[in-house]
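Here are the chains, one letter per residue:
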Amino acid sequence: MKLTPLLTLLLLLLTANPAEAQIDIRGIVTDAETGESLPSATILLEGTYRGTITNTEGHFSISVPELPVTLTVRYIGFNSESIEITDTTGLPLRVSMTRSVAEMDEIVVTDRDPGLSIMERVIARKQIWRADLENYRVDAYTRQSISSDTSIASITESSSTAWWHRDHGHRELQLTSRQTSNLTRDQNFSGVRYLPNFYDDDIEIAGFRMVGITHPDALRYYRFSLQETTFMDGKPVYKIEVIPRRQRQPLFEGTAWVLGRDYALLEVDLKPNDVVDFPPPVQDFDLSYKQQFSNYGGEFWLPVDMRIEGRIRIAMVGLRFPAMNFRQVSRLSDYEVNTEIPDTVFASRTQFARADSVPAEHQFREIEQIPLTAEESLAYETIDSTKTLENTFRPEGFLARMIDSEDERQRNGPLGAAAGILPEGLSPVFRFNRMDGFYTGLKYERRFSEPGTRFSIKGGYSFNSELWDYGGEISQRVWSENGRAISLTALYSNSTANRYGSELYTRDMNTVVSLLGGEDYFDYYRNEKVYGGIRARNIFPRSVISAGFNHENHRNFDGTELRDYSLFGWHRPRRANPVIEEGVLNSVNLVLEVNRSGQSFGFAGSNGFMISAEWSDSALGSDFDFVQLKGAADLSIPTFYQRRLFANTLDIHVSAGTSFGNLPQQRFGAIDGSLTRFTPFGSLRTRPFLPYEGSEYWLAAAEHNFRTIPFELLGIRPLVDRGWGVILFAGAGNTTAPPDFQDGVMVTDGIHYEAGASLNSIFGIMRLDFAFRIDRPGFFLGFSVPRYF
């Protein structure tokens, strides 16, 4: 049996320390004056690092190995109570707490708010004791619940052991767990590894990097205002309001309670400010955090608990999800501070592991839990496996079916019936262009994970050119290890080919544009091709290296007339399809790609590059002698407001190509223009409807995404709430071709310059691009997908 380092450690711990019998102490904490229960009161086991908290109904439970013990019950605004528990103590306990009297603060009143002076001392004290805190081990109990506005939908619970190290971060081993019947153990991720410690300098909340209220520079980011002073155990307790100083930084707001003389945080009740928000379709997003601290009579102030409440609602036109409410309570106890942590704990980068692989004889005690509330107990009794989260939060609206399961989409979609008829792996192919006219065909593809084989065959007929396309491809993995793989590929095809490629647009996109009356973006020729090559994946991180040999026979469309057609007759007369220099092209090519993902049209930034080389020579039996070099790179740089989940970013794209020798026109490089009014990032937007091409070319494009900041500065809150943003962009490109090709090639007349602005994330689904040409008069209005990341 193969165990992770954390599970191996667990076996050692359990073998060396068998579980001991525990005495369960239960009780309720109430207000002595009103009789009302006190939620989240802290119960500490004197002389130890152990403790727990009451639930929302004031009940608590804590296990001890032996009696007598002394419990200290603490609640801000009340006098602490110490209770000795012996064999004769009546259980369950009823702890009645008396309110402390608010008194004048001992801080000398000046023009400066005393809250600032108090928090200065908290920060200074923290720097002293935090410098000596190297690590800790802690036992944790966590309960999470998800509910609709009417009832609880699911509950997960777990007990775990967690470790924290100053240099290595958090690790957690989930020991035991339970959940409502509509969830499985694999769906139980409850734990404490990702919970914030509000004594940290920087705190990550929902992807936003927040400045903590005890950060060394906290006074630059927050105003602290003293609200009142009470006493607890003879020491003043200061209630301090936390107010963000900066309107566009992700910060906290709420209340902190500070224990005077020790100048330590006792409790915080904080939530992120309005900057912590998400663009549509998220309509509501609320989070609040409550956390208590104790030094357990020692030097270090450590978290006792964490209580989180959240709500999210997602909606857009035609699609509305019910609001989802989230609640978590975690108790941390039995700290071991600056202890010897086995190397196996941090041997893996994985932060979370389950004890699934531990033999049954080593499974130990039941979860020592915070008592369930009456509503939670009822949920365990009534929720069965049929009450899934999918059913509870099923969306409404006419677009709801779009997020159904894949099978449902196939049944309900316009091609659902046809998809049900075709065998698995077989799919229809359809396209239209001015040379082929309408083309229909079939493609069959199968993949076998073992032994790593993939093959496909395809065939179809073009009704205008009256020509058949056909071919096949097979790929075989010959080696793989740790995510790295090497494959061999062979291909044959006889089909219509695009005379120049596009980094942005596909044949399917061009088909839609052409049928609706737009310009046919590509030129075409016939190509019979044989290819054999090798492909290596992840030899270097996130890399793909391919090398191969091409044999191609290039031919014109002899005798084929243009198909001058669109569905509604809105098109202009179709332009002529240029002839190519026919012949046999044999070549060797090499391509290196690093961190290159699929086309996103500017939806998300990326950091990666590609370089390629192709050599064709008469020595290879080729009719063409040339060397062609190409390259492209993308860079995304965070600029302003980097603590936000989505920082302002500068995105840059560059591509270039050059050649030596007799490069045929069908191998020219291209710079994309707009596809009708579609103007994605990486195109020259003021080059309408067609690309530029050339034997040598270069393109540089950049845009800065200011997101909602301009509208925040202008105070236009409705646009901020809708996630609308502003993007400024610019681009330049140039192509050249040998004199023999000048008449039939779409080259730039000098360098093409342009700049403009975009209104981003309109209704969450599009952006409008306003582009101005700089080197000559010109303006173009287009649209593209919104930039989110």
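Residues numbered from 1 in each chain as written. Predicted model: local features only at pLDDT ≥ 70, side-chain atom pairs only at ≥ 80, totals over all residues. Heavy atoms only, no water.

Trainee: Looking at this structure, I do not really get the confidence of the model for the protein. What am I missing?
Mentor: Keep in mind that low pLDDT regions are not for reading the predicted coordinates in detail. Looking at the protein as a whole, its pLDDT mean stands at 88, while 91% of the residues score no less than 70. Mean pLDDT per element in the protein: helix 6 (residues 406-412) is the minimum at 44, and strand 30 (residues 583-594) is the maximum at 97. Contacts from residues 9-19, a stretch scored under 50 in pLDDT, to residues over four places away or in other chains number 17 contacts. (pLDDT = per-residue confidence, 0-100. Helix = DSSP H or I, 4+ residues; strand = E, 2+ residues; numbered from the N terminus. Contact = heavy atoms within 4.5 Å.)

Trainee: Is there a simple way to think about unusual backbone geometry in this case?
Mentor: Across residues other than glycine, the phi torsion is negative in most instances, and most of the peptide bonds are trans. The peptide bond linking L67 to P68 adopts the cis configuration, its omega dihedral lying at 5°. Position of P68 among the secondary structure elements: in the loop between strand 4 (59-64) and strand 5 (69-74). A cis amide bond links L91 with the next residue in sequence, P92, at an omega value of 0°. Summarising the element assignment, P92 is placed in the loop between strand 6 (81-85) and strand 7 (93-97). Of note in this structure, N338 is not a glycine but carries a positive phi near 50°. Relative to the elements of secondary structure, N338 occurs in the loop between strand 21 (324-337) and strand 22 (352-354). Look at N338 and you get partly exposed, because its relative accessible area is 35%. Here N482, not a glycine, exhibits a phi torsion of approximately 55°, which is positive. (Buried < 20%, exposed > 50% of the residue type's maximum accessible area, 1.4 Å probe, protein only.)

Trainee: Please clarify how the nonpolar core should be interpreted in this entry.
Mentor: One broad rule of soluble globular proteins: the nonpolar side chains tend to lie buried together. Counting residues in hydrophobic clusters, the biggest one holds 67 residues, and the most contacted among them are F198, I213, Y222, F224, V258 and L265. For this core, the leading source of residues is helix 2 (residues 114-130), giving 6 residues. For F198, the contacting residues outside a window of four places in its chain are I203, I213, T214, F252, L265, V268, L270, Y289, Q291, F293 and M306. Core analysis: the next-biggest nonpolar cluster, separate from the first, contains 18 residues, I25, L38, L45 and I62 among them. (Core = buried A, V, L, I, M, F, W, Y, C linked by side-chain atoms within 4.5 Å.)

Trainee: Just checking my understanding: could you explain the pattern of salt bridges for this structure?
Mentor: Side chains that differ in charge, positive against negative, can pair when their charged atoms come close. Applying the stated criterion across every chain yields a total of 50 salt bridges. When the shortest N-O distance is used, the salt bridge between R99 and D31 registers 2.9 Å. Within this pair, whereas R99 is found in the loop between strand 7 and helix 2, its partner D31 is found in strand 1 (residues 23-31), the two being separated by 68 residues in sequence. (Salt bridge = Lys/Arg side-chain N within 4 Å of Asp/Glu carboxyl O.)

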